[in-house]
Amino acid sequence: MALYRHNSESLPERRDFYGAVIRSCDRNENGLRFRRGRKFGRVTKRRLSAWTFLLALMSLIYFSVFGMKLPFHGWQDFGANISISNFLDENPVEPFISIESSHLLPGNNQNTIGGSHYRLGLEVPNKQKSKHRKQHIPCEVGFVESVDDIVEPKDAMNFTQFSIGYINKEEKLYGHDTYEPRFGGHQTLKERENSFYARNQTLHCGFVKGPKGSPSTGFDVHENDRKYMSTCRIVVSSCIFGSSDFMRRPTKKKISEYSQKNVCFAMFMDELTMTKLSLEGHVADDDGYVGLWKIVVVRNLPYRDMRKTGKVPKFLSHRLFPSARYSIWIDSKMRLNTDPMLILEYFLWRKGAEYAISNHYDRHCVWEEVLQNKRLNKYNHRAIDEQFQFYQSDGLTKFNASDESTPLPS
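Keep in mind that what you see is a predicted model, and the values were worked out from it rather than measured. Numbers given for residues are sequential positions, taken from 1 along each chain in its written order. Local features in this predicted model are restricted to residues whose pLDDT is 70 or higher, and side-chain atom pairs enter the listing and the counts only when it is 80 or higher, whereas totals over whole chains, interfaces and linings include all residues. With hydrogens and water set aside, each side-chain value is computed from the structure's full complement of heavy atoms.

A. Spotlight on the environment of aspartate 245. A run of H or I in DSSP counts as a helix once it spans at least four residues, and a run of E counts as a strand once it spans at least two, with each numbered from the N terminus. Looking at the secondary structure, you find aspartate 245 in the loop between strand S8 (234-240) and helix H4 (257-262). When the C-alpha positions of aspartate 245 and serine 332 are compared, they lie 7.2 Å apart, and in sequence the two are 87 residues distant. Not counting residues within four places of it along the chain, the set of residues in contact with aspartate 245 comprises Ile240, Leu277, Ser332 and Lys333. Polar contact is the term for a pair of N or O atoms within 3.5 Å; when the atoms are in protein, one must be able to donate a hydrogen and the other to accept it, and sequence-neighboring residues count only if both atoms are side-chain atoms. Among the polar contacts listed, one links the side chain of aspartate 245 to the side chain of arginine 248, at a separation of 3.0 Å. The contact definition used throughout considers only heavy atoms, calling two residues in contact when any of these lie within 4.5 Å.

Next comes the structure, spelled out in structure tokens:
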């Protein structure tokens, strides 16, 4: 152990962790000892810094020239195919407002395709993600000040009137030994085409039962819930299936006392979601309410795909609420912060409309939605392509941004 002198006392010299300061001692002109570190430690540090800098420089050059490509699921074989499927064949009868943030495509990509596939002339652009995300500012809506100022116009339902019946049961198809009951029934293309005309008719619209003795086709709810839904005249509805989201309750302080008493707030969910939400603190009371939401538990889901199952309460609200005059659909990712009566007054009664749907915050054309859904790999790509091709054969054309008031052909 080396010693050094401090105030005429000999104290032990403390050495650093690396032991690289093995000191050589000299004396200055005053006879005091001073230490001088060996050159070995400085050289080692300089070499280590040089090698580290060289390695970082080589890595930077490599990634700049060759790029960093990671194998993402679903992009290998069909990265350039685009399409969409939005299952809009059913037409609600009652005036309807849809407020949502999700994409048009229902489905969860648990099936991938390898091999042959359709190419519809839509290429996925190989764009790098922008460092700055688009900023979307909520638009201002000119609602009236109070629900007390609202009066439903007498001619609010002054539209083409016709009688619609629904096929509730199908018998076994002749010549089909492997007949399987379906929730949507077995609609032919000709029946589908005829269902688009506003005239008296009976058509397929979900909830189709099979022959006597056949199992349920799905979307079973308790009889008490059916009775509750049959009494609703104005409905706000949403759904969560497959425990895919958490519950967003309507902002109660912004909902008038009139709406709380006269509007049905129905939240559809499966048993799995109900269990998870209960663990998160959303426990229904004795009447089945969580806040303003009336919880309607759905058993025996008609589709394995949770997004497709979610289209049942979204597009077939007129089947679930047969007495409703108005219905408002809220996407589960959104929270209702406005009184539903103010929404009806602004979007329907004031404008003399029977249907209103929110504009997408970023995309306005089906072709753009096709690109996005294939980028996100949301659904079976071949099935999406077939559906999109089917829509085009029906006469679907691109959205004309120069004239936003022109409706799409159908």
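B. Here's a closer look at a nonpolar patch on the surface. Candidates for patches are residues over 30% relative accessible area with no salt bridge; among them, like charges are joined within 9 Å and nonpolar side chains (Val, Leu, Ile, Met, Phe, Trp, Tyr) within 5 Å. For every accessible area listed, the method is Shrake-Rupley and the probe measures 1.4 Å; residues are considered covered only by the protein chains on display. Put simply, a salt bridge is a Lys or Arg side-chain nitrogen that is within 4 Å of an Asp or Glu carboxyl oxygen. A surface patch of nonpolar side chains, about 680 Å² in accessible area, is lined by Trp51, Phe53, Leu54, Leu57, Met58 and Ile61. In this fold, tryptophan 51 is placed in helix H1 (residues 39-66).

C. Up close: the packing of aromatic side chains. Stacked, tilted and edge-to-face pairs are distinguished by plane angle, under 30 degrees for stacked and over 60 for edge-to-face with tilted covering the rest, among Phe, Tyr and Trp rings (Trp via its six-membered ring) whose centres lie within 6.5 Å. According to the stated counting rule, one finds 11 aromatic pairs in the structure shown. Look at phenylalanine 143 and tyrosine 346: their rings are 5.7 Å apart centre to centre, the planes differ by 75 degrees, and that puts the pair in the edge-to-face class. Of this pair, phenylalanine 143 sits in the loop between strand S5 (96-99) and strand S6 (164-166) while tyrosine 346 sits in helix H8 (residues 340-349), and the two are 203 residues apart along the sequence. Residues tryptophan 367 and phenylalanine 388 carry aromatic rings whose centres are separated by 5.0 Å and whose planes lie at 75 degrees to one another, so their mutual orientation is edge-to-face. Pair noted here: tryptophan 367 is in helix H9 (residues 366-375) and phenylalanine 388 is in helix H10 (residues 381-393), with a separation of 21 residues, a long-range link.

D. Quick look at the pattern of salt bridges. Inspection of every chain in the model, using the stated rule, returns 11 salt bridges. For aspartate 245, the salt bridge is made with arginine 248, and the minimal N-O distance between the two is 3.0 Å. In this pair, the class of aspartate 245 matches that of arginine 248, namely buried. Of the charged contacts in the structure, one is a salt bridge between lysine 261 and glutamate 257, with a shortest N-O distance of 3.1 Å. Here lysine 261 pairs with glutamate 257, and both are found in helix H4, just 4 residues apart, close to one helical turn. For the exposure calls, accessible area comes from a 1.4 Å probe over protein chains only, and a residue counts as buried if that area is under 20% of its type's maximum, exposed if over 50%, partly exposed in between. Judged by relative accessible area, which is 57%, glutamate 257 ranks as exposed.

E. The arrangement of the pairing of strand S11 (residues 293-297) in detail. Burial runs high along S11: 5 of the 5 residues are buried. On S11, burial covers both faces: Trp293, Ile295 and Val297 on one face and Lys294 and Val296 on the other are all buried. Two strands make a pair as long as DSSP finds a minimum of two bridges between them. As paired strands, strand S9 (residues 264-269) and S11 are joined by 4 bridges and run parallel to one another. Paired with methionine 267 across the strands is isoleucine 295, a residue of S11. Looking at chain direction, strand S10 (residues 289-290) and S11 are connected through 2 bridges and run antiparallel. By the bridge assignment for S11, valine 290 is matched with tryptophan 293. In textbook terms, the turn of a hairpin is the stretch between consecutive antiparallel strands, and for S10 and S11 this stretch comprises 2 residues, one of which, glycine 291, has a positive phi near 65 degrees.

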